[in-house]
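The lines below spell out each chain.
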Amino acid sequence: MTNIETIVLDADNVLLEKISPVIIELLTNLSKKTIAEVKRARKKYWALTKIGEITEEENWLGAKGKEGYNQGVFGELSIPKENYSKFLEEIRNSYRIYDGCLNFLNELKLKGIRLYLFSNSSAETIERAYITLNLKHYFKKAFFSHKIYAAKPSREAFSILIKDTGLIPSETLIVDDKKKNIIIAKELNFQTFLFTDKEDYERILELLREDSNE
């Protein structure tokens, strides 16, 4: 890890405690379906939601005119729509920042490192958490997949990031918890760190300290 000027951080399971298990548990309890059935329905609609082809509400309650995707997750799982408001409230109540995250971000800012958020997202799963947990002021800009209409690990998503920020990949560290995203980042000449748990905050800081002492 050398000459790091910019760090690009994923959100879910890097800064935030993972949201997906909460969603799967809520849907399983509401539908009485198997976890496999719930995950299958969730994955089907998430593929469209994370690139902005359907809205958050369409994801859950259905999208008119979207052939093959017109029921929404609730329709697929036979969950009554009157559960929707309570369901969203419980998702919002589940947002948590990992212990040590804010100290980590503060230290990076003190080092003068430019920070960007780069996350596969929807309005509820990531964007709202980012806003309500007051993460916004740490970052120069957030790149949410549902707003840039491209998701990791596509090269298109990385190209949008590079073009918009003007960052130099060789001087930029990508921190992500998905190996497939790390692989693409390496191919594009980024420095990378595969995040596994919150202990990695200190590991990243230590690597940066070692670099500055060389």
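Model, not experiment: these values are computed from the prediction.

Q: Report on the nonpolar core, specifying residues and quantitative values.
A: By size, the foremost hydrophobic cluster in this structure holds 53 residues, and its most contacted members are Ile 7, Leu 9, Leu 27, Trp 60, Phe 87, Leu 105 and Phe 139. Ignoring anything within four residues of it in the chain, the contact list for Phe 139 reads Leu 9, Leu 15, Leu 105, Leu 115, Tyr 116, Leu 117 and Tyr 130. Counting residues in hydrophobic clusters, the runner-up holds 14 residues, among them Phe 143, Ile 148, Ala 157 and Leu 167.

Q: Can you explain the packing of helix α1 (residues 20-31) against helix α5 (residues 84-93)? Please cite residues and give values.
A: Relative to each other, α1 and α5 sit at 150°, their axes nearing to 10 Å. Here α5 runs roughly antiparallel to α1, going by the angle between their axes. Pair α1 / α5 crosses with right-handed handedness. Across from Ile 23, Leu 26, Leu 27 and Leu 30 in α1, the residues of α5 making contact are Phe 87, Glu 90 and Ile 91. Looking at the contact of α1 with α5, its residues break down into six nonpolar, no polar and one charged.

Q: Account for the sheet that holds strand β2 (residues 114-119), naming residues and giving values.
A: Spatially, the five strands line up as an open sheet ordered β3-β2-β1-β4-β5, and their pairing is parallel. Strands at the two margins of the open sheet, each flanked by one partner only, are β3 (141-144) and β5 (191-194). Shown here is a sheet whose adjacent strand axes are inclined to one another by a mean of 20°, direction ignored. As paired elements, strand β4 (residues 172-176) and β5 share four bridges and run parallel to each other. Looking across to β5, one finds that Leu 173 is bridged to Gln 191.

Q: Quick rundown of the side chain of Thr 125? Include the residues and the values.
A: In this structure, Thr 125 sits in helix α7 (residues 123-132). Polar contacts involving the side chain of Thr 125 include one to the side chain of Ser 122, which spans 2.8 Å. Non-local contacts of Thr 125, meaning those with residues more than four positions away in its chain, are made with Ile 19, Ile 23, Arg 42, Trp 46, Glu 56 and Tyr 95.

Q: Describe in detail the packing of aromatic side chains, supporting the description with residues and values.
A: Enumeration according to the criterion identifies 11 aromatic pairs in this entry. Arranged with centres 5.3 Å apart and planes meeting at 70°, the rings of Phe 74 and Phe 87 form a pair that is edge-to-face. Of this pair, Phe 74 sits in helix α4 (residues 72-76) while Phe 87 sits in helix α5, and the two are 13 residues apart along the sequence. Grouping residues by exposure puts Phe 74 and Phe 87 together as buried. Seen from their ring centres, Phe 158 and Phe 190 are 6.0 Å apart, and the 50° between their planes marks the pair as tilted. In this pair, Phe 158 sits in helix α9 (residues 155-165) while Phe 190 sits in the loop between α10 (179-187) and β5, placing the two residues 32 residues apart along the sequence. For the pair Phe 158 and Phe 190, one class covers both residues: buried. Through pairs of rings, three or more aromatic residues link up here, namely Trp 60, Phe 74, Tyr 84 and Phe 87.

Q: Give me the pairing of β4: which residues, what numbers.
A: Of all five residues in β4, five are buried, a share of seventy percent or more. Both faces of β4 are covered, namely the face carrying Thr 172, Ile 174 and Asp 176 and the face carrying Leu 173 and Val 175. The sheet contact formed by strand β1 (residues 6-9) and β4 spans four bridges and is parallel. By the bridge assignment, Thr 6 is partnered in β4 with Thr 172. Handedness of the β-α-β unit built from β4, α10 and β5 comes out right-handed.

Q: Can you break down α1 residue by residue, with the values?
A: The end-to-end C-alpha distance of α1, which contains 12 residues, comes to 16 Å, matching closely the 16 Å that a straight helix rising 1.5 Å per residue would cover. Looking only at α1, the buried set comprises Ile 23, Ile 24, Leu 26, Leu 27, Thr 28 and Ser 31.

Cut-offs used in this document
- Residues numbered from 1 in each chain as written.
- Predicted model: local features only at pLDDT ≥ 70, side-chain atom pairs only at ≥ 80, totals over all residues.
- Heavy atoms only, no water.
- Core = buried A, V, L, I, M, F, W, Y, C linked by side-chain atoms within 4.5 Å.
- Buried < 20%, exposed > 50% of the residue type's maximum accessible area, 1.4 Å probe, protein only.
- Contact = heavy atoms within 4.5 Å.
- Axes fitted to C-alpha atoms, helices over the stretch in contact; angles between N-to-C directions.
- Helix = DSSP H or I, 4+ residues; strand = E, 2+ residues; numbered from the N terminus.
- Parallel < 35°, antiparallel > 145°, perpendicular 65-115°, else oblique.
- Left-handed = near helix turned anticlockwise from the far one by under 90°.
- Nonpolar A, V, L, I, M, F, W, Y, C, P; charged D, E, K, R; others polar.
- Pairing = 2+ DSSP bridges.
- Polar contact = N/O pair within 3.5 Å; in protein donor to acceptor, adjacent residues only side chain to side chain.
- Phe/Tyr/Trp six-rings, centres within 6.5 Å; stacked < 30°, edge-to-face > 60°.
- Right-handed = clockwise from strand over helix to strand, strands pointing away.
- Expected span 1.5 Å × (residues − 1).

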